[in-house]
Amino acid sequence: MDANDTIPFSSPWLRFNHFGDKLNAAFQRVASSNSYILGNEVAQFETAFSQYIGTKYCVGVNSATDGLTLSLMALGIKPGDEVITAGLTAPATVTAILQAGATPVVVDVLDATLCINPAEIRKAITKNTKAIIPVHLHGFACEMDEIMAIAAEYNLFVIEDCSQAHGASFNEKKLGSIGDCGVFSFYPTKNLGCMGDGGAITTNNVSIATQLKALRNYGLQDNIVAEAGINSRLDEVQAAILNMLLPALDDYNESRRKYANLYHEGLKGLLLRLPPMDSNAVYHQFPVRIENRDKFRDQLKKEGVLTGIHYNKAINQHEAFKPYCRPLPVAKKAAEELVSLPIQPEILDRDFEMIVDKIKLVLSQ
Ligand SMILES: *Cc1c(COP(=O)(O)O)cnc(C)c1O
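Residues numbered from 1 in each chain as written. Predicted model: local features only at pLDDT ≥ 70, side-chain atom pairs only at ≥ 80, totals over all residues. Heavy atoms only, no water.

## Concerning the overall build of the protein
Then comes step 1: In terms of regular secondary structure, the protein is built from 13 helices and 13 strands.
Then comes step 2: The C-alpha atoms of the protein give 21 Å as radius of gyration, which agrees with the globular expectation for 365 residues (21 Å, within 12%).
Then comes step 3: Across its three principal directions, the C-alpha atoms of the protein cover 65 × 55 × 35 Å.
Then comes step 4: Taken over 365 residues, the protein has a buried fraction of 56%. (Helix = DSSP H or I, 4+ residues; strand = E, 2+ residues; numbered from the N terminus. Rg over C-alpha atoms; globule rule 2.2 N^0.38 Å. Buried < 20%, exposed > 50% of the residue type's maximum accessible area, 1.4 Å probe, protein only.)

Structure (structure tokens):
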């Protein structure tokens with residue numbers, strides 16, 4: 001097999017290219033609009049996305065990292081306040097807490113879903129705890145009923161990190177509509193991804209939404225800055241692309257679930273631990289676990305199948321985050337074993353059977 005036959009792990013261009021003339025029209029519409037920042041495309045997307053998630057408000061921002069920071073700011077989180085989050089996540093989640101000036105408290109995850117362990121949240125609560133950021137990792141929901149109960153008991157805010165969970169749900173509610181705020185990333189490889197950086201915050205609370213709109217735009221509200229903000233706006237080009245993609249999101253997620261089920265059928269009985277089967281998940285990744293992970297990945301690569309790892313470090317294995325972490329044995333063990341198999345619909349529509357065959361071949365060697 002030569003290099004040209006290699007199956008990529010992700011390919012946003014295949015998704016964009018599929019839209020052809022519509023993609024060109026989106027660019028043209030923005031170019032000729034003469035309004036490039038906080039114009040019609042952003043307003044239209046905010047309305048459509050809040051309807052899709054089922055919240056009253058949506059505020060477009062530059063990234064999920066900023067979205068998390070801005071949510072903490074809008075909720076009044078201050079230096080000295082503690083924010084509890086998960087030990088297996090994108091470094092961005094923890095960076096965002098530090099960027100807001102608060103103190104992260106990082107706790108371990110559940111072995112089954114690799115989402116934050118509610119029992120560990122309880123143990124980490126102090127008089128300084130103000131908020132919880134559950135991360136819906138790989139497109140699976142956190143234990144939101146338990147988390148919301150803990151938050152109610154201790155009077156804590158909940159900010160859902162939905163960067164990997166666009167369209168996933170828990171008890172019939174879309175993720176991002178359960179906590180005080182839901183934060184989404186539109187990084188190109190996410191389930192809903194644009195052609196650069198982008199993010200959004202969903203909320204049902206009008207005063208949080210109003211503050212977020214000021215905070216993303218220097219802090220300006222009615223020409224006055226009462227509280228200093230930052231510059232973190234979703235731009236018109238990215239919003240136009242998101243307006244094009246959003247109507248297709250449910251189909252993309254349905255394809256991801258279809259392929260997840262086919263992986264479960266095709267790979268059962270092998271020396272791989274498969275992720276949960278969950279019809280409410282959106283399989284941002286299809287993470288399998290295997291001892292000798294690096295060898296497995298190398299062998300697959302030689303067979304022309306590229307894979308990813310999400311993530312190869314628990315949060316306490318990053319120098320900058322060590323001081324903020326409780327012991328993370330479950331996250332660390334997962335970080336040694338995880339391999340993400342290709343799950344993007346655009347890729348699997350062409351090559352799914354070949355990928356399964358190559359995995360079987362490699363595991364029989
Ligand atoms: C991608 C991601 C982020 C960061 O998103 P950006 O838009 O790049 O800032 C944060 N949290 C999680 C769980 C992510 O997957």
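Here the narrative resumes, following the displayed structure.
## Brief notes about the packing of aromatic side chains
Then comes step 1: One pass over the structure, following the stated rule, counts 10 aromatic pairs.
Then comes step 2: A centroid spacing of 6.1 Å and a plane angle of 25 degrees characterise the contact between Tyr283 and Phe286, whose relative ring orientation is stacked. Residue Tyr283 shares its accessibility class with Phe286, and that shared class is buried.
Then comes step 3: Over the face of the ring belonging to Phe16 we find Arg15, whose NZ or CZ atom lies 5.1 Å from the ring centre.
Then comes step 4: Taking the ring centre of Tyr52 as reference, the NZ or CZ of Lys174 above it sits at 4.0 Å. (Phe/Tyr/Trp six-rings, centres within 6.5 Å; stacked < 30°, edge-to-face > 60°. Lys NZ or Arg CZ within 6 Å of the ring centre and 35° of its normal.)

## Regarding the layout of surface pockets
Then comes step 1: Empty space within the largest pocket amounts to approximately 430 Å³.
Then comes step 2: Taken together, 28 residues form the lining of the largest pocket, with Gln164, Ser185, Tyr187, Lys190 and Tyr311 sitting closest to its centre.
Then comes step 3: At the level of elements, helix H4 (64-74) and helix H5 (91-99) are the ones that each hand at least two residues to the lining of the largest pocket.
Then comes step 4: With three residues, H4 is the largest single contributor of residues to the lining of the largest pocket.
Then comes step 5: By residue class, the composition of the lining of the largest pocket is nine nonpolar, 15 polar and four charged.
Then comes step 6: Both domain 1 (14-247) and domain 2 (248-364) contribute no fewer than three residues apiece to the lining of the largest pocket. (1 Å grid on protein atoms, 1.4 Å probe; cavity = no way out; pocket = protein on both sides within 12 Å on 5 of 7 lines; lining within 4 Å. Points joined across faces, edges and corners; volume = space filled by probe spheres on them. Nonpolar A, V, L, I, M, F, W, Y, C, P; charged D, E, K, R; others polar. Domains from an automatic or database assignment.)

## So, a nonpolar patch on the surface
Then comes step 1: Side chains of Trp13, Phe27, Met195 and Val237 sit close together on the surface and give an oily, nonpolar patch of about 350 Å² of accessible area.
Then comes step 2: Within the fold, Met195 resides in the loop between strand E8 (181-185) and strand E9 (199-203). (Patch = residues over 30% accessible without salt bridge, like charges linked within 9 Å, V, L, I, M, F, W, Y side chains within 5 Å. Areas by Shrake-Rupley, 256 points an atom, 1.4 Å probe, with all protein chains shown as cover. Salt bridge = Lys/Arg side-chain N within 4 Å of Asp/Glu carboxyl O.)

## A few points about the domain arrangement of the protein
Then comes step 1: We note that the domain assignment places domain 1 (14-247) and domain 2 (248-364) within the protein.
Then comes step 2: For domain 1 and domain 2, the distance between their C-alpha centres works out to 24 Å.
Then comes step 3: Contacts between the two partners involve 44 residues from domain 1 and, on the opposite side, 39 residues from domain 2.
Then comes step 4: In total, about 3,500 Å² of surface goes out of reach between domain 1 and domain 2, with carbon and sulfur atoms giving 60% of it.
Then comes step 5: Per-residue buried area on domain 1 facing domain 2 is highest for His138, Phe140 and Asn191; these three make up 20% of the total on that side.
Then comes step 6: Counting every contact that joins domain 1 to domain 2 gives two salt bridges.
Then comes step 7: Of the charged contacts in the structure, one is a salt bridge between Asp111 and Arg289, with a shortest N-O distance of 3.2 Å. (Contact = heavy atoms within 4.5 Å. Buried area = accessible area lost by both parts, 1.4 Å probe.)

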